[in-house]
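Residues per chain are reported as follows:
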Amino acid sequence: MSEYQLPAQFEEFTQARKEGFLRAKAVKESGGHIAGTFCTFTPCELMDAAGVHPVSLCGMSPEPIPAAEKDLPKNLCPLIKSSYGFAVSDTCPYTYFADLIVGETTCDGKKKMYELLGRLKDVYILQLPQGIDREYTLEMWTKELHRFKGVLEEKFQVAITDERLREASELRNQLRRARTALMELQKLDPPPFSGLDLYKLMDGLGFSFDLQDNLRKLTTLTAQLQSDYAAGARPVPAGQKRILVTGCPIGGVLEKTVKVVEENGGVVVCFENCGGIKPTRYLVDTQAEDIMAAIAERYLNIGCAVMTPNTKRMETLPQLVEEFNIDGILEIELQTCQPYIVERFEIKKLAQEMGVPFLALDTDYSQSDLGQLTTRIVAFIEML
Amino acid sequence: MYSIGVDIGSTCAKLAVVEDGETLVHQMVMPTGWNSGGAAQAIFDHLEQAGYRPGQSPCVATGYGRLNVPYAKKAVTEITCHARGGAFLFGSGPCVIIDIGGQDTKVIAVADGVVQDFLMNDKCSAGTGRFLEIMANTLCVDPGTLCELARSGSGVSISSMCTVFAESEVISLIGGGAAKEDIAYGVVDSIVNKVVSQYGSLSSAEGQCCLTGGLCESPYILESLSKKLGRPVISSPLARYAGAIGAALAAYQIKKD
């Protein structure tokens, strides 16, 4: 058994962060491996099948940004800066203990940040195809997954068999179904959950290494909420405006966006972003003859703005507006996120065609725009 | 019945008293100063002296200091209030409200006094009343004079999108010997262009175009806006009270419901 060192400034960390470090250290000391990921495109089935624990490294805190800005420009996505800052400052347990960091060629900012991260850690970048309408896209992505499989097998000295891939896909499918089921409870009017609590809960699950435990937690919670609701519990008052949030991952800006919505007469019932429903509805065909191709196919359904054309998002949004009975669409983007901010033109047009009021916000992890964001959000809810 | 609207803006605090949701019977404007709570208190005292029992009449607060008005029953955003106040002043059909405020410039598409769509400037203060004020200070004139000086100027454009950088740009123009009128022209042009770009992003822009806020009495601002937007922009000396009037109407509505 190997001994693992904690970072030098460990004693200065908060209790929650210390616990994260100790849990990650325990995984490593019991012979486990950790792979840091940044994206919903990361094929976690392959890592599961290799016995490696994937964990999200997306930075949600402004705290490590000054450390990142020594190497990165100020005028960059806060998520990219925060993620990189955690790595250079040894303050994120999962980055610190990651045996491998897996990135994809998604947005340019991330892609180039991964290269810099490669100076500090073992980084592997998958080449995600973005011309989603090409006939060879699936073939190309499947090849990329095969290449990645080879890298995992060699690095961790394991054989990733089809059988293990099918098992891993089955468990991931169950988890996705459970997440979807929980999120779809928000179709109820009034919903059984505040959007803020829902998003935090879903984000939190990404830091647990025990997938079976996650599955149990999700199913128990869904059943509990259903029975409480049937018994008359209404934690969210009736008559709140039902908001759909779309756009970037927003774990780092929840308090100044979603919380403001929910303190001023709205409730977020649906998140069409990678922390919400965007990636969960598509499953792997575990019975497919070629399981690698089936896994690859599943990921190409994700309607991220890095895809061109991003038809999936345009198809999904009207369905979600209908299913969740949406009063207003709130697009929340992180500053300088070109793919999503440019795609706004189409989303705004789509909202107009549907006759659903639309508000777009660009923000970062600082508190400097709190007043103006609040005025916009409250005015938006007042007009619904 | 009287209803009261208090609009605590970043530069000026405005008061409007409306009778039966129909007639504007009293209005007042004062500098907000450093403390929005203090401005709210001064308005309270003024109301008492004028005989409008602020503790008892329904009152709504708006503007950036809207949460610091303890005697208001409710806070409503300035976007909603300018829409309502605009409809009160300029008629209830569809219209576009342009409000050049102290720290925010907004364009609001309105129909029947209800907001249909709106845009606000980003974090920075370029294109707002504050921008104009800072540039006027640099030129040692008051903002009203700057707007009228601009009429006889030409040829200068201020390209910085940040107030601080724009101020340096103005200082170098002064250093380079540019005429005051020409610099004033550049300043107003930059504000008007900012409004025009926001206006262009509105999803609908039907009906009359109306300017509210502190620049409502500047003929040159109205002319330049009309020219650049390619449609007439109207205003009224009462348009600086649009937010406060909208708040008073919202207060009346609350009482009625």
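Residues numbered from 1 in each chain as written. Chains lettered and ligands numbered in written order. Predicted model: local features only at pLDDT ≥ 70, side-chain atom pairs only at ≥ 80, totals over all residues. Heavy atoms only, no water.

Explanation requested: empty space enclosed by the protein in the structure shown.
Over the atoms, a rolling probe the size of a water molecule traces out where space has been left empty. All names here are of chain A. Throughout the structure, instances matching the rule amount to 1 cavity of 30 Å³ or more. As a volume, the largest cavity reaches approximately 30 Å³. Around the largest cavity, the lining residues are Met183, Leu198, Val269, Cys270, Phe271, Ile277 and Phe324. For the lining of the largest cavity, the element with the most residues is strand β6 (residues 266-272), which contributes 3 residues. (1 Å grid on protein atoms, 1.4 Å probe; cavity = no way out; pocket = protein on both sides within 12 Å on 5 of 7 lines; lining within 4 Å. Points joined across faces, edges and corners; volume = space filled by probe spheres on them. Helix = DSSP H or I, 4+ residues; strand = E, 2+ residues; numbered from the N terminus.)

Help me understand the packing of aromatic side chains, please; the structure alone is not making it clear to me.
The geometry of an aromatic ring pair comes down to the distance between the two centres and the angle between the two planes. All names here are of chain A. Throughout the structure, instances matching the rule amount to 11 aromatic pairs over all chains. Aromatic rings pair up to connect Tyr4, Phe10, Phe21, Tyr96 and Phe97 into one cluster. Positioned above the aromatic ring of Phe10 is the side chain of Lys18, whose terminal nitrogen or guanidinium carbon lies 5.9 Å from the ring centre. For the cation-ring pair, Lys187 lies above Phe324, with the distance from its terminal atom to the ring centre recorded as 5.6 Å. (Phe/Tyr/Trp six-rings, centres within 6.5 Å; stacked < 30°, edge-to-face > 60°. Lys NZ or Arg CZ within 6 Å of the ring centre and 35° of its normal.)

How should the packing of helix α13 (residues 311-323) of chain A against helix α14 (residues 338-354) of chain A be read in this particular structure?
If you want to describe how two helices pack, look at the angle between their axes and the distance between the axes. All names here are of chain A. The geometry of α13 relative to α14 is characterised by a closest axis approach of 11 Å and an angle of 45 degrees between their N-to-C directions. Regarding the angle of α13 to α14, the classification is oblique. Considering only the axes of α13 and α14, their crossing is right-handed. Of α14, the residues touching α13 (which contributes Arg313, Met314, Leu317, Pro318 and Val321) are Tyr340, Glu343, Glu346, Ile347, Leu350 and Met354. Looking at side-chain class alone, the contact of α13 with α14 contains 8 nonpolar, no polar and 3 charged residues. (Axes fitted to C-alpha atoms, helices over the stretch in contact; angles between N-to-C directions. Parallel < 35°, antiparallel > 145°, perpendicular 65-115°, else oblique. Left-handed = near helix turned anticlockwise from the far one by under 90°. Contact = heavy atoms within 4.5 Å. Nonpolar A, V, L, I, M, F, W, Y, C, P; charged D, E, K, R; others polar.)

Before we go on, may I ask you to explain the domain arrangement of chain A in this structure?
Many analyses report the size of an interface as the accessible area lost when the parts associate. Residues and elements named next belong to chain A. Annotation of chain A at the domain level lists domain 1 (10-158) and domain 2 (164-383). Of note, the centres of domain 1 and domain 2, computed from C-alpha atoms alone, are 22 Å apart. Every contact between the two is made by 47 residues of domain 1 and, on the other side, 38 residues of domain 2. Surface buried jointly by domain 1 and domain 2 totals about 3500 Å² across both partners, of which 71% is contributed by carbon and sulfur atoms. The largest contributions to the domain 1 side of the interface with domain 2 come from Thr40, Phe41 and Glu45, which together make up 19% of the buried area. In this structure, the connection of domain 1 to domain 2 is made through 2 salt bridges. Counting every contact that joins domain 1 to domain 2 gives 12 residue pairs in polar contact (both at pLDDT 80 or more). For the side of domain 1 that touches domain 2, the secondary-structure elements that each account for two or more residues are α1 (15-29), α2 (44-49), β2 (52-56), α4 (78-89) and α7 (137-156). Ranked by the residues each element gives to the side of domain 1 that touches domain 2, the list is headed by α7, at 7 residues. When its residues are assigned to classes, the side of domain 1 that touches domain 2 shows 25 nonpolar, 15 polar and 7 charged. (Domains from an automatic or database assignment. Buried area = accessible area lost by both parts, 1.4 Å probe. Salt bridge = Lys/Arg side-chain N within 4 Å of Asp/Glu carboxyl O. Polar contact = N/O pair within 3.5 Å; in protein donor to acceptor, adjacent residues only side chain to side chain.)

I tried to follow α7 of chain A on my own but got confused; where do I start?
In an α-helix, one full turn covers 3.6 residues, which means residues spaced three or four apart are oriented alike. Residue and element names in this part refer to chain A. If you check α7, its first and last C-alpha atoms are 28 Å apart, about what 20 residues at 1.5 Å a residue would give, namely 28 Å. Within the sequence span of α7, burial applies to Thr137, Trp141, Thr142, Glu144, Leu145, Phe148, Lys149, Leu152 and Phe156. Angularly, the buried residues of α7 cover 155 degrees about the axis, an arc narrow enough to put them on a single face. For α7, the exposed residues set more than 90 degrees away from the buried face come down to Lys143, Arg147 and Glu154. Buried residues in α7 make contact with β1 (33-37), α2, β2, β3 (100-104), β4 (123-126) and α12 (291-299). Positive backbone phi, at 50 degrees, marks Gln157, one or two positions downstream of α7. (Expected span 1.5 Å × (residues − 1). Buried < 20%, exposed > 50% of the residue type's maximum accessible area, 1.4 Å probe, protein only. Arc of directions from axis to C-beta.)

Would you explain the nonpolar core in this entry?
Here is a general trend for soluble globular proteins: nonpolar side chains tend to be buried in one another's company. Grouped together as the largest cluster of nonpolar side chains are 108 residues, with contacts concentrated most on Phe148, Leu152 and Ile250 of chain A together with Phe118 of chain B. Examining the composition of this core, we find that 7 residues originate from one element, helix α15 (residues 370-383) of chain A, more than from any other. Composition of this core by domain shows at least three residues from each of domain 1 (10-158) and domain 2 (164-383) of chain A. In terms of nonpolar packing, the next biggest core, distinct from the first, is built from 37 residues, Ile100, Leu139, Val170 and Leu229 of chain B among them. (Core = buried A, V, L, I, M, F, W, Y, C linked by side-chain atoms within 4.5 Å.)

How do you make sense of the pairing of strand β6 (residues 95-100) of chain B when you look at a structure like this?
On a regular strand, one side chain projects to one face of the sheet and the next to the other, so that they alternate. Residue and element names in this part refer to chain B. For β6, the tally of buried residues reaches 6 of 6 residues, placing the bulk of the element in the interior. The two faces of β6 match: Cys95, Ile97 and Asp99 on one face and Val96, Ile98 and Ile100 on the other face are all buried. Both β6 and strand β7 (residues 105-111) contribute to a ladder of 6 bridges, which runs antiparallel. Looking across to β7, one finds that Asp99 is bridged to Lys106. Counting the residues in the hairpin turn of β6 and β7 gives 4 residues. In the sheet, β6 pairs with strand β9 (residues 208-212) via 5 bridges, with the strands oriented parallel. In the sheet register, Ile97 faces β9, and the bridge partner there is Cys210. (Pairing = 2+ DSSP bridges.)

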